[in-house]
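For reference, the chains in residue letters:
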Amino acid sequence: MSYRPSVTGFCTSWSGLPGVYLSGSLSLTSCFTLLAASLYFLSAEDNGGWPDVKTQLTGWLVENRWDVSFVHHVLVAVHWLDQGHQIILLVLVSSALLHLTSSLLLVLGTFKHRANLLIPWLISDLIILSFLTLIFISWTF
């Protein structure tokens, strides 16, 4: 008779269905948060929103005595974002809606025990993680 080790601890309690429920609920929460912030910035053009964020960010950069080249690069990036912030926010809203749909399919597929409903979430999560890895690598090196 062969010995089969058993694994116990924190990781085993979150594997399987509880882990999928946790991933789905975190994905849903992050999608709703991103949608709320993006829609606020899109709708509040005249009385706050993006112009206030831009003004506060530039004021904060100028008030703090940081490296001049760093401040210059950040101000160039803020100016670039200001030129097309509506397009960027619309892309964020559409990608958040797609990920929200795939997260809902993840939760539904878990409830119904249908593995093919998990695939859209896996693909959208792969795209998000690849994009975040690309950002990390470009900012680090």
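Reference entry: report on the structure contained in this document. (Residues numbered from 1 in each chain as written. Predicted model: local features only at pLDDT ≥ 70, side-chain atom pairs only at ≥ 80, totals over all residues. Heavy atoms only, no water.)

**What about the packing of helix α2 (residues 17-43) against helix α5 (residues 85-112)?**
Running from N to C, α2 and α5 point in directions that differ by 155°, and their axes come no closer than 8 Å. Classified by the interaxial angle, the pair formed by α2 and α5 is roughly antiparallel. The handedness of the crossing between α2 and α5 comes out as left-handed. Residues of the contact of α2 with α5, tallied by class, amount to 22 nonpolar, 8 polar and no charged. (Axes fitted to C-alpha atoms, helices over the stretch in contact; angles between N-to-C directions. Helix = DSSP H or I, 4+ residues; strand = E, 2+ residues; numbered from the N terminus. Parallel < 35°, antiparallel > 145°, perpendicular 65-115°, else oblique. Left-handed = near helix turned anticlockwise from the far one by under 90°. Nonpolar A, V, L, I, M, F, W, Y, C, P; charged D, E, K, R; others polar.)

**Looking at the side chain of Ser38**
By the element assignment, Ser38 lies in helix α2. Taking the relative accessible area as the measure of exposure, Ser38 reaches 2% and is therefore buried. At a separation of 2.9 Å, a polar atom in the side chain of Ser38 contacts the main-chain carbonyl oxygen of Leu34. Contact partners of Ser38, with chain neighbours within four places excluded, come to Leu89, Leu92 and Val93. (Buried < 20%, exposed > 50% of the residue type's maximum accessible area, 1.4 Å probe, protein only. Polar contact = N/O pair within 3.5 Å; in protein donor to acceptor, adjacent residues only side chain to side chain. Contact = heavy atoms within 4.5 Å.)

**Structural notes on the packing of aromatic side chains**
Using the criterion set out here, one finds 2 aromatic pairs in the structure. Relative to Phe111, the ring of Tyr21 lies with its centre 5.3 Å away and its plane at 35°, an arrangement referred to as tilted. Here Tyr21 is found in helix α2, whereas its partner Phe111 is found in helix α5, with 90 residues between them in sequence. Overall, the relative accessible area of 31% leaves Tyr21 in the partly exposed class. Between the aromatic rings of Tyr40 and Phe41, the centroid separation amounts to 5.6 Å while the plane-to-plane angle is 55°, which identifies the pairing as tilted. Taking relative accessible area as the criterion, Tyr40 reaches 45% and is therefore assigned partly exposed. (Phe/Tyr/Trp six-rings, centres within 6.5 Å; stacked < 30°, edge-to-face > 60°.)

**Considering the nonpolar core**
Membership of the largest hydrophobic core is limited to 7 residues, which are Leu28, Cys31, Leu35, Val93, Ala96, Leu100 and Val107. Elements with a contribution of two residues or more to this core: α2 and α5. Apart from the residues within four sequence positions on either side, Val107 is in contact with Gly24 and Leu28. (Core = buried A, V, L, I, M, F, W, Y, C linked by side-chain atoms within 4.5 Å.)

Note that every value here comes from positions in space, so none of it alone points to a role or purpose.
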